[in-house]
Amino acid sequence: MNVLIIGSGGREHAIAWKVAQSPKLTKLFIAPGNAGTAAVGTNVPIKVTDFQAIGEFVKSNNIDLVVVGPEEPLVKGIADFLAANADTKNVGVVGASAEGAQLEGSKEFAKQFMQKHGIPTAAYRSFTKATVADGKRFLETLKAPYVLKADGLAAGKGVLIINDLKEAQESLETMLDGQFGDASAKVVIEEFLSGIECSFFVLTDGRDYVLLPEAKDYKRIGEHDTGLNTGGMGAVSPVPFCTDEFKQKVISRIIEPTIRGLHDDNIDYRGFIFFGLIKCGNDPYVIEYNVRMGDPETEVVIPRLDCDLLELLAATAERRLAGMKATMKAQTAITVVMVSGGYPESYKKGFEITGLDSVTESTVFHAGTKPDSGRVLTDGGRVLAVTSLADGIQPALDKSYRSIGGIKFDGAYFRRDIGQDLQKL
Ligand code: AMP
Ligand code: GLY
């Protein structure tokens, strides 16, 4: 099979790395890719939202399967675009239709979907500029902290959690006034749920699904979960507090009703679903859906797969997942993300990364890098995700931190406490 992966982060490198191991693969392309994906396939300089160019590339390179990494092209309708075009309509696509992608593209759509299908989530109401006064009164009926969410995609920044009522009411007004552009023309206000977060992932063809390994990520820039939110500074899989009993609840109360709901609502969904969950007491609630894999969660989920990922991806696109299963390694995978100095605020790019060849006991997934005549340069806030597998969290961490010791670039920063909280549970 000829495969095109859309995206350029650590998630796409991890998917490309695994697909490259499949005996079913003929040629692998990544658009636009990074220095890491260039080592396992061929990068093509096409932007993830340039559907026309993607369609032409698919046709002229006899691509059999397109795997879409990030949410933006999905929400903008890449699956529908390829299906509507005579030249590409028979190509397999792993990626939800625009309608299905609303599970991530609109918080209100996701909340309505969960309510309709009886899926546990925080109680909510949504407001627009016309109903801002109702929104402020609604906040008065809730207990602090207050959770305000921009309805649309806001690059992971659209959720505010505020302790003070007056401040929450002011923020509601600022959001509705366009703080996050069109994404906050509507704002969802929801009940605060207190607990510990984890993420589950499936591949679904809209009727059947395969469960992938679960993961926990570390969102804050600072150690002990302090400072600004980031895309993710590390991840661990499996998650010790996700016991078999808890997993069964996730499957029966959340995953299966979600897949049934998509099917009953006639939504064409062939792709990944990322269930962002919170464990309150012993019960799971959905914090959010994403229509893509997580990053850096993919960098621990994929290395734990002990099966042919390309086989599962092709079956997803061709709606033949029934009876399939993702076999997983029992080992623990952990990843530690090395970021540019200054991230998640402003940072510089273009520094040379050295020492990548010194790594022997980890796999280094590239998140924000670019090749430059034989050298590898930093090209983003999150630069590398250093993943290790071992029998337990600590030995896996030891491997990643030893590997990081040999990798250098100007301003490199990483958290030294990934996974520590899980060892104390
Ligand atoms: P989201 O973009 O919906 O994942 O929200 C970002 C983060 O805000 C989540 O990972 C949670 O840490 C937090 N969060 C979102 N909704 C809630 C809620 N209802 N209760 C508590 N924390 C929340
Ligand atoms: N690491 C969180 C995400 O990918 O949304």
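Model, not experiment: these values are computed from the prediction. (Residues numbered from 1 in each chain as written. Chains lettered and ligands numbered in written order. Predicted model: local features only at pLDDT ≥ 70, side-chain atom pairs only at ≥ 80, totals over all residues. Heavy atoms only, no water.)

Digging into the site of ligand 2
Taken together, the neighbourhood of ligand 2 is formed by Asp 217, Gly 231, Phe 274, Arg 292, Gly 294, Asp 295, Pro 296 and Glu 297. Note that an oxygen atom of ligand 2 is positioned 2.9 Å from one of the side-chain N or O atoms of Arg 292. Within the backbone of Asp 295, a nitrogen or oxygen atom sits 2.9 Å from a nitrogen atom of ligand 2. Class assignment of the residues belonging to the shell around ligand 2 gives a composition of 2 nonpolar, 2 polar and 4 charged. (Near = heavy atom within 4 Å. Polar contact = N/O pair within 3.5 Å; in protein donor to acceptor, adjacent residues only side chain to side chain. Nonpolar A, V, L, I, M, F, W, Y, C, P; charged D, E, K, R; others polar.)

With respect to the nonpolar core
One finds Leu 4, Phe 200, Phe 275, Tyr 289, Leu 384 and Ile 407 to be the most contacted residues of the largest nonpolar core, which totals 73 residues. Formed by 43 residues, the second largest nonpolar core is a distinct cluster that contains Ile 302, Leu 310, Ala 315 and Phe 365. (Core = buried A, V, L, I, M, F, W, Y, C linked by side-chain atoms within 4.5 Å. Buried < 20%, exposed > 50% of the residue type's maximum accessible area, 1.4 Å probe, protein only.)

A look at helix α1 (residues 10-19)
With respect to burial, α1 is a largely interior element, 9 of its 10 residues being buried. By the burial criterion, the buried members of α1 are Gly 10, Arg 11, Glu 12, His 13, Ala 14, Ile 15, Ala 16, Lys 18 and Val 19. (Helix = DSSP H or I, 4+ residues; strand = E, 2+ residues; numbered from the N terminus.)

Section: the sheet that holds strand β6 (residues 124-128)
In spatial order, the strands read β6-β9-β7-β8; together these 4 strands make up an open sheet with antiparallel pairing. Strands with a single pairing partner mark the edges of an open sheet, and in this sheet they are β6 and β8 (159-162). Neighbour-to-neighbour, the strand axes of this sheet turn through a mean angle of 25°, independent of strand direction. Two strands pair when backbone bridges link them, and strand β7 (residues 146-150) and β8 are joined in this way by 4 bridges, in the antiparallel orientation. (Pairing = 2+ DSSP bridges. Axes fitted to C-alpha atoms, helices over the stretch in contact; angles between N-to-C directions.)

Thoughts on helix α12 (residues 393-405)
The end-to-end C-alpha distance of α12 is 18 Å, a good match for the 18 Å that 13 residues give at a rise of 1.5 Å each. Taken as a whole, α12 has its buried residues at Ile 393, Ala 396, Leu 397, Ser 400, Ser 403 and Ile 404. Looking down the long axis of α12, one finds its buried residues gathered within 130° of arc, a one-sided arrangement. Contacts from the buried residues of α12 go to β15 (234-237), β18 (332-339), β22 (382-390) and α13 (420-424). (Expected span 1.5 Å × (residues − 1). Arc of directions from axis to C-beta. Contact = heavy atoms within 4.5 Å.)

Focus: the pairing of β15
Of the two faces of β15, the one lined by Gly 234 and Val 236 and the one lined by Ala 235 and Ser 237 are each fully buried. Relative to β15, strand β12 (residues 216-217) runs antiparallel, the two being bridged by 2 bridges. From the neighbouring strand, Asp 217 faces β15, where its bridge partner is Ala 235. Inspection of the sheet shows β15 paired to β18 by 4 bridges, in the antiparallel sense. If you follow Ser 237 over to β18, its bridge partner there is Ala 333.

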